[in-house]
Amino acid sequence: MSTFSNRRHPVIRFVLAVLLALVGALVAPVASAQSAPPGSSVRVGTSPYGVALTPDGRHAYVVATEQGTVAVVDTSTRKVVAHVDVGPGATDVAITPDGRRAYVTTDTPFSLYGAVHVIDTATNKKVGSIGVGETPLGLAVTPDGRRVYVVNTWSSTVSVIDTATGKRTDEIRVGDSPATNSPIDLAISPDGRRAYVANAGDGVADSVSVIDTATGKVIGWPGRIGGYVCGLAVTPDGRSLYVTARPSTVHVVDTATGKVTGDPIAVGEEATDVAVSADGRRAYVVNEIADSVSVIDTTTRTVLETIPVKDGPTRIALTPDGRHAYVTLYYSDTVRVLDL
């Protein structure tokens with residue numbers, strides 16, 4: 001999930017900075033008197049943003065946006081074992097289900113279009129690049145590993161990449177322009193049949209587009225969510241979609257009916273990214289201005305705990321065993337490892 005606020009990062013090219021200011025991404029954190037939680041921090045490079053874990057949980061891939069690299073962290077030692085150069089403007093990362101490839105979005109400076117770079121995780125070398133739309137942010141790999149879906153914020157589209165050929169096979173429009181519909185994040189259902197796209201912008205800023213992955217068509221959205229939609233996560237059973245919305249709520253969508261169910265769940269200020277545990281029992285929400293992570297019981301839909309973090313938390317990824325969470329801290333150049 002991508003986060004949006006009034007914070008402007010000089011490393012992202014000017015057009016992206018303007019867009020982030022427009023829809024409110026990457027908010028500057030406020031001072032916090034909270035103590036750091038148990039765990040440890042790993043220095044990964046300047047301005048870390050996206051993070052993903054390999055399926056075996058042995059490595060975390062962390063995008064250092066300003067540095068233009070991806071740090072590879074050994075989760076057993078919590079040490080960086082490699083830095084992969086992907087160029088300036090890198091934002092998010094996703095890893096294939098077999099763990100063999102990592103895909104990284106970059107917004108190429110002074111170019112109308114962005115790119116997705118491919119990393120061979122065995123060698124930690126860049127082995128390819130694929131052109132996509134303008135200002136790519138979030139991305140996700142289908143459960144069968146055959147396709148990568150990429151949201152292009154300034155193009156108001158979703159690019160589809162065939163992982164076997166390394167080619168872009170489709171460009172799905174989810175809005176008319178960035179002013180009316182700017183996709184910023186997406187999640188794919190466990191069966192791979194649906195892609196859910198979080199929309200920002202003035203037109204349908206509080207909505208989620210639903211793409212039928214078999215046809216590549218937008219088949220609707222679950223009405224108005226409320227607030228600026230930021231992050232998405234689907235539960236492992238595919239029945240519920242957790243949606244964060246600025247300034248401080250989480251909404252739950254029934255994927256069968258496409259309707260928001262129950263009352264909004266109140267979390268910390270500037271709720272942005274969200275991840276659901278492998279057993280589906282917990283949802284973890286990054287609150288960027290509040291400098292915290294909210295832990296939600298998905299059965300009762302109540303906040304069980306608020307974990308303090310510092311220095312601009314942006315994205316979160318959970319280890320497969322559910323014992324740890326990796327949270328990127330934009331202003332400390334580190335990824336924080338939380339013991340859950």
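Residues numbered from 1 in each chain as written. Predicted model: local features only at pLDDT ≥ 70, side-chain atom pairs only at ≥ 80, totals over all residues. Heavy atoms only, no water.

A. Expanded view of the confidence of the model for the protein. Put simply, the protein has an average pLDDT of 86, and 83% of its residues get 70 or more. Note that pLDDT drops below 50 for residues 1–37; the model gives that stretch 123 contacts with residues more than four away or on any other chain. (pLDDT = per-residue confidence, 0-100. Contact = heavy atoms within 4.5 Å.)

B. Spatial organisation of unusual backbone geometry. Between R246 and P247 the backbone carries a cis peptide bond, its omega angle lying at 5 degrees. Structurally, P247 is set in the loop between β19 (240–246) and β20 (249–254). Backbone geometry at S47 places phi at a positive 60 degrees, although glycine is not the residue there. Its relative accessible area of 5% is what places S47 among the buried residues. For D291, which is not a glycine, the phi torsion comes out positive at approximately 55 degrees. Mapped onto the elements, D291 comes out in the loop between β23 (282–287) and β24 (292–297). (Helix = DSSP H or I, 4+ residues; strand = E, 2+ residues; numbered from the N terminus. Buried < 20%, exposed > 50% of the residue type's maximum accessible area, 1.4 Å probe, protein only.)

C. Up close: the nonpolar core. If you look at the biggest cluster of nonpolar residues, it comprises 28 residues, and the most contacted ones within it are Y149, V158, V208, L232, L241 and V243. Within the residue set of this core, elements represented by two or more residues are β10 (136–141), β11 (147–152), β12 (157–162), β14 (182–188), β15 (194–200), β16 (207–212), β18 (228–234) and β19. Setting aside residues no more than four positions away along its own chain, V158 makes contact with Y149, V150, V151, N152, D170, E171, I172, V174, V197 and I211. Counting 14 residues, the second-largest nonpolar core is a separate cluster that includes V72, V86, V104 and I119. (Core = buried A, V, L, I, M, F, W, Y, C linked by side-chain atoms within 4.5 Å.)

D. Just the sheet that holds β11, in detail. Across the sheet, which stays open at both edges, the 4 strands sit in the order β10-β11-β12-β13 with antiparallel pairing between neighbours. Each of the sheet's edge strands pairs with one partner strand only, and the pair in question is β10 and β13 (167–173). Sheet twist, expressed as the mean angle between neighbouring strand axes with direction ignored, is 20 degrees. (Pairing = 2+ DSSP bridges. Axes fitted to C-alpha atoms, helices over the stretch in contact; angles between N-to-C directions.)

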